[in-house]
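An overview of the molecular structure
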Amino acid sequence: MSYIYARKKMHLALISLVGPGTMQTRLHGAIKSQLNHISPKADLPEELQQEFSLLMSACRDADTASDNEAEYCARQIVNLNEKMHDARH
């Protein structure tokens, strides 16, 4: 895989976050359909690997998250996307 692959998956995750359904449903879809396919060591620069892993751990139960937890996870995905864009590997 590659960094380009991770960027595409992250972009598709963002699109999932703004689709129809509850925040929990959209977040669950973004994680299961897109972000779960990113392998941090293979697809991300070293400086983002730990942050991505922490995000995935914190948001793994997206479908049962409270509104505040789901919003936090969605914001973390947006923030990580910005960092990926800035890294430009």
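The structure under discussion appears in the preceding block.
Below or above, wherever it landed, is the structure these notes cover. (Residues numbered from 1 in each chain as written. Predicted model: local features only at pLDDT ≥ 70, side-chain atom pairs only at ≥ 80, totals over all residues. Heavy atoms only, no water.)

**A look at the state of the cysteines**
Evaluated as defined, the whole model comprises 1 disulfide. Residue pairing for Cys59: its cysteine sulfur links by disulfide to Cys73, the two sulfurs lying 2.0 Å apart. Because the sign of the S-S torsion sets the handedness, a value of about -100° for the bond joining Cys59 and Cys73 places this disulfide among the left-handed ones. Taken as a pair, Cys59 in the loop between α4 (46–58) and α5 (67–87) and Cys73 in helix α5 lie far apart in primary sequence, 14 residues in all. There is no split in this pair, since Cys59 and Cys73 are both buried. (Disulfide = S-S within 2.5 Å. Helix = DSSP H or I, 4+ residues; strand = E, 2+ residues; numbered from the N terminus. Buried < 20%, exposed > 50% of the residue type's maximum accessible area, 1.4 Å probe, protein only.)

**Digging into α4**
Of all the positions in α4, only Leu48, Gln49, Phe52, Leu55 and Met56 are classed as buried. Looking straight down α4, one finds that the buried residues subtend no more than 135° of arc, so they occupy a single side. Of the exposed residues in α4, the ones pointing more than 90 degrees away from its buried face are Glu47, Gln50, Leu54 and Ala58. Structurally, α4 contributes buried residues whose contacts are with α2 (23–33), α3 (40–43) and α5. (Arc of directions from axis to C-beta. Contact = heavy atoms within 4.5 Å.)

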